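Residue-level listing of the chains:
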Amino acid sequence: MTTTTSTTAARPGGAGPRRPEAAPPRRDRRRWTGWGFVLPFLAVFLVVLVAPVLYSVYLSVFEERLIGGNAFVGLDNYARALGDPQFWDSLRRVALFLVVQVPIMLVIALAAALALDSARLRASSLFRISIFLPYAVPAVVAALMWGFIYGKRFGLVGNADQAFGLDLPDPLSQSWVLLAIGNIVTWEFVGYNMLIFYAALRVISPDLYEAAELDGAGQFRIIKDIKLPAIRGALVIAGIFSVIGSFQLFNEPNILQTLAPNAINSYFTPNMYAYNLSFAGQQYNYSAAIAILMGLVTMIVAYVVQLSGNRKDK
Amino acid sequence: MSTLTGSPVATPDDATPSRRRAPKDPARRRTAGAPREKRSTLLTVVMAVLLIYSVLPLFWLLINSTKTQEALFDSFGLWFSGDFVLFDNIAQVFTYGDGEFVRWFGNTVLYVVVGAGGATLLATLAGYGLAKFDFPGKKAVFAVVLGAVAIPGTALAVPTFLMFSQLGLTNTPWAIILPSLISPFGLYLIWTYAIDSVPNEILEAARMDGSSELRTFFTISLRLLSPGLITVLLFTMVATWNNYFLPLIMLSDSTWYPLTVGLNQWNAQSTTVGGEPIYNLVITGSFLTIIPIVVAFLFLQKYWQSGLTAGGVKA
Amino acid sequence: MNRSLPRAAKRAAAFGVGLVLVGSLAACSSGSSGGAGADSASADEIEAALQEDSTITVWAWAPAVEPIAEAFQEKYPNVTVDVQNVGTGADQYTKLQNAIKAGKGAPDVAQIEYFAIPQFTLGESLADLGGFGYDELEDDFTPSTWNAVTQDDGVYALPQDSGPMAMFYRQDVFDKYGLDVPTTWDEYTAAAETMHSADPNQFITSDTGDAGFTTSMIWQAGGHPYEVDGENVTIDLQDEGAQRWTSTWNTLVENGSLAQTPGWTDEWFRGLGDGSIATLLTGAWMPGNLTAQAAAGSGQWRVAPMPQYEEGDTATAENGGSSVAVMQQSENKLVAAAFTKFATAEEEGRQISFDAGGFPSTTADLEDEEFLAEAPEYFGGQKINEVLADAATNVVPDWQYLPFQVYANSIYSDSAASAYTNGTSLDPVLEAWGEASAAYGEQQGFTVEVK
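Residues numbered from 1 in each chain as written. Chains lettered and ligands numbered in written order. Predicted model: local features only at pLDDT ≥ 70, side-chain atom pairs only at ≥ 80, totals over all residues.

### What about the overall build of chain A?
So, point 1. When you go through chain A residue by residue, the secondary structure sums to 13 helices and two strands.
So, point 2. Per-residue burial over chain A gives 59% buried out of 314 residues.
So, point 3. Taking the intrachain contacts of chain A between residues at least 6 apart in sequence as the baseline, contacts between residues at least 24 apart amount to 70%. (Helix = DSSP H or I, 4+ residues; strand = E, 2+ residues; numbered from the N terminus. Buried ≥ 20, exposed ≤ 12 C-beta atoms within 10 Å, placed from the backbone. Contact = placed C-beta atoms within 7 Å.)

Spelled out as structure tokens, the structure:
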């Protein structure tokens, strides 16, 4: 996203606060008009996201039991979550995942974007579309494909073992499964992030490159001093999306669970834990508390990423 | 819902004073690096590795679409088996279960057209409003949108279900379309794009002429916003096309299933007592599912690329 | 001031909307809704109802249900039956639970596996079919399946198929290693050792830790881990039966003689097809699946009774199998009940079930000459139904499932994973599982005793 590199109009006041303004009535009317444009989105947003979130908060302070019905329990569910070893286990796991997978994926995406931008590639549009393609694949399809690829006896891993006489580790075993999932997530989103960076790179003014040429700067210096700083905003955004995605990790482990039931347990990620509590256990209240907690953690980390990303700008 | 529908956090006021200006003339924009840099074979090879990595599972899908149910179990996964039955498989996919695949395909198209189309419209209106109008509570709007997205969607599924159930919306297309109308990433994209691509001078001129804001939006601004709009359209199309989790929960009538849920049901047949396994149809069906998205991307590629370069191209 | 008003108004409005929504949801979601429709009727009243125009919805995943619905509609042209496949097993139960909690949206009739019935009867979500006179159908069905659908004095479902366990085995593999077909568990474990040491890719069977399998094996060993008396639940996964099982099974787990291929996957079917998985200890409904998906093994598979702990015993257990139930939410219980009976207890419906691969739960069919004389090619011409029907009469009686078995099963792997992965004893696994299940039960308000 090139947004944070865009021109001067981007300020809290939004469009044109500095121009000599018309009489207040017109400004007021325009203020209402601003709301008018935003309202359709907000109205649906309220129904579709805000209401369920509020309802979740409400659920999280109650407890409904198969025997005994519904009762108000205040912050008990939260206390229970904070003392729940399974919750912490899942949280640690996604934190580990985040810290390892996200940088790797973003670095690959960045490298690919730089390569595309460098005009030193042949057939660059072919690369662009095909590296993006995995993002378009629905989860149910990805499950089939990766199930085959990771199969140790009849799948690709197994075939490689036989063909090359190796004994590759079982990607669906307890020790390797997180890596296997990291691989799938990277595969899915490298193209998506690559495009975000590529687009940001495309906006860089050629004047800067001309200046660098005159200075006799080499490729790496150009990358370091011009390109990277120019897309810092995009890097931050991609980082934040990835943080949110990592903390919400659910689809990929869920898909692999039938293939690796002993490597992926019901509390593998916080989102899976919340899901199983809710759907298999009908513990909607506790599930809601876990979800709210995870939402808070995600927001905090995302904010930290944004702050640190933008601090370097200043 | 764990795909990154994305929500921007860096509000535009975080932008640094820019050292960059939009190029004066798009034609003058050159690619980076020395203009006549020779093509690097090494780089191409490295990228080719990335390409193979990306495409390999899809290659598997294509190859296995050509096999019969039995051959799937007997043959090597990455190459063809004896019989090439791709067209048979495709025909079967369309006719199995009284043509339920076609129905599901139609459903998915409906959800995408209304859902993604609606999402794009809402995001564009809202993004434009945020970009071009000054009103209190703007930052709050943004923070609230982000906050709601940070909460894991799977945990919101049951509350949403209960709510929709009360409203009588479960098991109807609305249960799928309504949630897909919200694209926070789209909102952010249009917001920042609009700031640069719709010059305030034009808006002022239109106002002087007496045009209402809405009219100005539809006649002037929309055209200026079109690259960004197409981008949001594309991303929301992929998201709604691949929407799986919420439809799974909301629908209990298979006539309204989208393709993702339908294929999953076909897949589950092989694990039921007395079920007829149709892996070959699942794989071929999956392959067919991906094609429309690819086509859409190829077709809209040029808009999409320029759409992401906010501020790069002025209409 | 104009400036602050919109913001405050917006916030208030949002909050207000939220409150209203939340409030209405709270009111509506607490407690289960009572269903409309009479709870009892005579046979005449049911017949009369069938002559009127009506529609019922059926949620089922078994392939037999669609043809059964068609036959039913032919017999009663004024009735429309809408069959929906909303997911297999636990997926469907989730949807049922959601609909029950929401108070609406549940079907009239649902397919429910035996282990999940107590959960739904507890929530009073199933209609008591005794009100329609169906308690008289007791003698039509095998004792074990009837036991599974009744609770206290109520009949909450009718058995559709059954799954008495037997040992499916590869004749060619046993011949290859010169082994007799095992009749006791000692022989079984010995055979496991022999074949696995001869060929590390040869396994006696595959097991990665499956709750349904575990409970059935404990059942066969004479265990009775779950005792349910209303709100009081006792969990004893360390009882005599359980220990009997673990002492045998631990040998296999610890020696690595069990293939670690998750069931019902592509790899598993291939293993069954090529013989690397030599036996299958599962319910009598398996032949259809084997024939369809492990075609490579055709002609090589046979069926024998389950191995025993003591020479000469004949005990077995049920593994899987579903029933058909009428949901309490149904507004058309008479027609729904009639459909249920048609599908399970009437000749026409039953025949369709068996043609589709289900294994009968009705005594008449199990004793039927033609049925017993079937000699499928896949099993080398063996009269498999003789063995399987015999197994149906040898099921250890009085088994009980937990009122929250669906959840308990879903967390079994959490406890079992490390034992299977590392090849260690299953006793701590069962203990941990028992405690986790008990913890859940307590949270749900039951009084649980763990032994």
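Following the structure, the description resumes.
### So, the overall build of chain C
So, point 1. Per the secondary structure count, chain C includes 20 helices and 15 strands.
So, point 2. In terms of principal-axis extent, the alpha carbons of chain C reach across some 90 × 60 × 40 Å.
So, point 3. The 451 residues of chain C split such that 56% are buried.
So, point 4. Within chain C, counting contacts between residues at least 6 apart in sequence, those at least 24 apart form 77% of the total.

### Topic: the pairing of strand S1 (residues 62–65) of chain A
All names here are of chain A.
So, point 1. Pairing analysis gives four bridges linking S1 to strand S2 (residues 69–72), with the strands arranged antiparallel. Pairing of Glu64 across the sheet is with Asn70, part of S2.
So, point 2. Hairpin connection from S1 to S2: three residues lie between these consecutive antiparallel strands, with Gly68 at a positive phi of about 115°. (Pairing = 2+ DSSP bridges.)

### A few points about the pairing of strand S1 (residues 54–59) of chain C
Residues and elements named next belong to chain C.
So, point 1. Pairing of S1 with strand S2 (residues 79–84), which is carried by six bridges, proceeds in the parallel orientation. Its bridge partner being in S2, Thr55 is matched across the sheet by Thr80.
So, point 2. On the question of chirality, the crossover connecting S1 to the parallel S2 by way of helix H3 (residues 65–75) is right-handed.
So, point 3. Across two bridges, S1 lies against strand S3 (residues 109–113) in parallel orientation. For Val58, the partnering residue across the bridge sits in S3 and is Val109. (Right-handed = clockwise from strand over helix to strand, strands pointing away.)

### Quick look at the interface of chain C and chain A
So, point 1. Chain C puts 39 residues into the contact, and the matching count from chain A is 30 residues.
So, point 2. Breaking the side of chain C that touches chain A down by element, the ones donating at least two residues are helix H1 (4–29), helix H4 (90–102), helix H11 (266–274), helix H18 (405–410), helix H19 (412–422) and helix H20 (427–443) of chain C.
So, point 3. Looking at the side of chain C that touches chain A element by element, the count peaks at eight residues for H1 of chain C.
So, point 4. Taken together, the residues of the side of chain C that touches chain A break down into 17 nonpolar, 17 polar and five charged. (Nonpolar A, V, L, I, M, F, W, Y, C, P; charged D, E, K, R; others polar.)

### Overview of the environment of Phe72 of chain C
Residue and element names in this part refer to chain C.
So, point 1. Secondary-structure assignment places Phe72 in helix H3.
So, point 2. Since 24 C-beta atoms lie within 10 Å of it, Phe72 is described here as buried.
So, point 3. Separated by 277 residues in the primary sequence, Phe72 and Gly349 place their C-alpha atoms 8.1 Å from one another.
So, point 4. Among all residues touching Phe72, those that are not within four sequence positions of it are Val79, Val81, Phe339 and Phe342.

### Looking at H11 of chain C
All names here are of chain C.
So, point 1. Summarising burial for H11: eight of the nine residues are buried, a large majority.
So, point 2. Those residues of H11 lying buried are Asp266, Glu267, Trp268, Phe269, Arg270, Gly271, Leu272 and Gly273.
So, point 3. Phi for Gly275, located one or two positions after H11, is positive at around 90°.

### Considering the packing of helix H7 (residues 177–202) of chain A against helix H10 (residues 232–247) of chain A
Residue and element names in this part refer to chain A.
So, point 1. Two numbers describe how H7 lies on H10: the axes approach to 9 Å, and their chain directions differ by 160°. Judged by the angle between their axes, H7 and H10 are roughly antiparallel. In terms of crossing hand, the pair formed by H7 and H10 is right-handed. Facing H7, whose interface residues are Asn193, Ile196, Phe197 and Ala200, H10 presents Ala234, Ile237 and Ala238. (Axes fitted to C-alpha atoms, helices over the stretch in contact; angles between N-to-C directions. Parallel < 35°, antiparallel > 145°, perpendicular 65-115°, else oblique. Left-handed = near helix turned anticlockwise from the far one by under 90°.)

### Some words on the environment of Phe446 of chain C
So, point 1. For Phe446 of chain C, the position within the fold is in the loop between H20 and strand S15 (447–450).
So, point 2. Taking the number of C-beta atoms within 10 Å as the measure of exposure, Phe446 of chain C has 23 and is therefore buried.
So, point 3. Once residues within four sequence positions are removed from consideration, Phe446 of chain C is found in contact with Ile67 of chain A together with Glu231, Val233 and Gly441 of chain C.

### Focus: the packing of helix H4 (residues 124–132) of chain A against helix H1 (residues 41–64) of chain B
So, point 1. Their axes nearest at 8 Å, the elements H4 of chain A and H1 of chain B cross at an angle of 35°. When you trace H4 of chain A past H1 of chain B, the crossing you get is left-handed. Residues Phe127, Ser130 and Ile131 of chain A of H4 of chain A lie in contact with H1 of chain B, whose contacting residues are Met47, Leu50, Leu51, Ser54 and Val55 of chain B.
So, point 2. Taken together, the residues of the contact of H4 of chain A with H1 of chain B break down into six nonpolar, two polar and no charged.

### Regarding the sheet that holds strand S13 (residues 301–304) of chain C
Residues and elements named next belong to chain C.
So, point 1. Strand order in the open sheet formed by three strands is S12-S7-S13, with antiparallel pairing between adjacent strands. Of all strands in the sheet, those bounded by a partner on one side alone are strand S12 (279–283) and S13. Between one strand and the next, the sheet's axes are offset by a mean angle of 30°, whatever the strand orientation.
So, point 2. Alignment of strand S7 (residues 165–170) against S13, held across four bridges, turns out to be antiparallel. Across the sheet, residue Phe168 finds its bridge partner in S13, namely Val303.

### Description of the nonpolar core
So, point 1. Core analysis: the biggest nonpolar cluster contains 333 residues, and Phe197 and Ile290 of chain A have the highest contact counts within it.
So, point 2. By residue number, the principal contributor to this core is H7 of chain A, which donates 18 residues. (Core = buried A, V, L, I, M, F, W, Y, C linked by C-beta atoms within 7 Å.)

### A closer look at the sheet that holds strand S14 (residues 322–326) of chain C
All names here are of chain C.
So, point 1. Strand order in this open sheet of five strands is S2-S1-S3-S14-S6, and the pairing throughout is mixed. Two strands close off the open sheet at either side, each with one partner strand: S2 and strand S6 (158–159).
So, point 2. Looking at chain direction, S3 and S14 are connected through five bridges and run antiparallel. Considered in S14, the bridge of Ala110 is made with Ala325.
So, point 3. Its contacts with the sheet place H3 against S1, S2 and S3, and it is angled at close to 175° to S2.

### Here's the deal with helix H9 (residues 213–241) of chain B
So, point 1. Its 29 residues give H9 of chain B an end-to-end C-alpha distance of only 33 Å, which falls more than 12% under 42 Å, the value for a rise of 1.5 Å per residue.
So, point 2. Along its length, H9 of chain B shows its largest kink, about 65°, at Ser226 of chain B, and proline Pro227 of chain B lies within four residues downstream of that point. (Expected span 1.5 Å × (residues − 1). Bend = angle between axes of the 7 residues up to and from the residue.)

### Examining the environment of Gly295 of chain A
So, point 1. Assignment of secondary structure puts Gly295 of chain A in helix H13 (residues 284–311).
So, point 2. Residue class for Gly295 of chain A comes out buried when judged on the 24 C-beta atoms lying within 10 Å of it.
So, point 3. Considering only alpha carbons, one finds Gly295 of chain A and Phe247 of chain A, 48 residues apart in sequence, at a separation of 8.7 Å.
So, point 4. Leaving out residues up to four positions away in the same chain, Gly295 of chain A has contacts with Ala150, Ile151 and Pro152 of chain B.

### Re unusual backbone geometry
So, point 1. The backbone of Asn171 of chain B sits at a positive phi, close to 65°, despite the residue not being glycine.
So, point 2. Along the chain, the position of Asn171 of chain B falls in the loop between helix H5 (153–166) and helix H6 (174–180).
So, point 3. For Asn171 of chain B, a count of 19 C-beta atoms within 10 Å puts it in the partly exposed group.
So, point 4. In this structure, Asp152 of chain C takes a positive phi of about 55° despite not being glycine.
So, point 5. Secondary-structure assignment places Asp152 of chain C in the loop between strand S4 (150–151) and strand S5 (154–155).
So, point 6. The class for Asp152 of chain C is exposed, based on 9 C-beta atoms found within 10 Å.

### Looking at the confidence of the model for chain A
So, point 1. Per-residue confidence for chain A gives a mean pLDDT of 81, with 88% of residues at or over 70.
So, point 2. pLDDT under 50 marks residues 1–23 of chain A. Its contacts with residues more than four places away, or in other chains, come to 66 contacts. (pLDDT = per-residue confidence, 0-100.)

### Quick word on the confidence of the model for chain C
All names here are of chain C.
So, point 1. Per-residue confidence for chain C gives a mean pLDDT of 88, with 92% of residues at or over 70.
So, point 2. Of the regions scoring below 50 in pLDDT, residues 1–36 engages in 48 contacts with residues more than four places distant in sequence or in other chains.
So, point 3. Overall fold confidence (pTM) sits at 0.81, and the ipTM for the predicted complex is 0.78.

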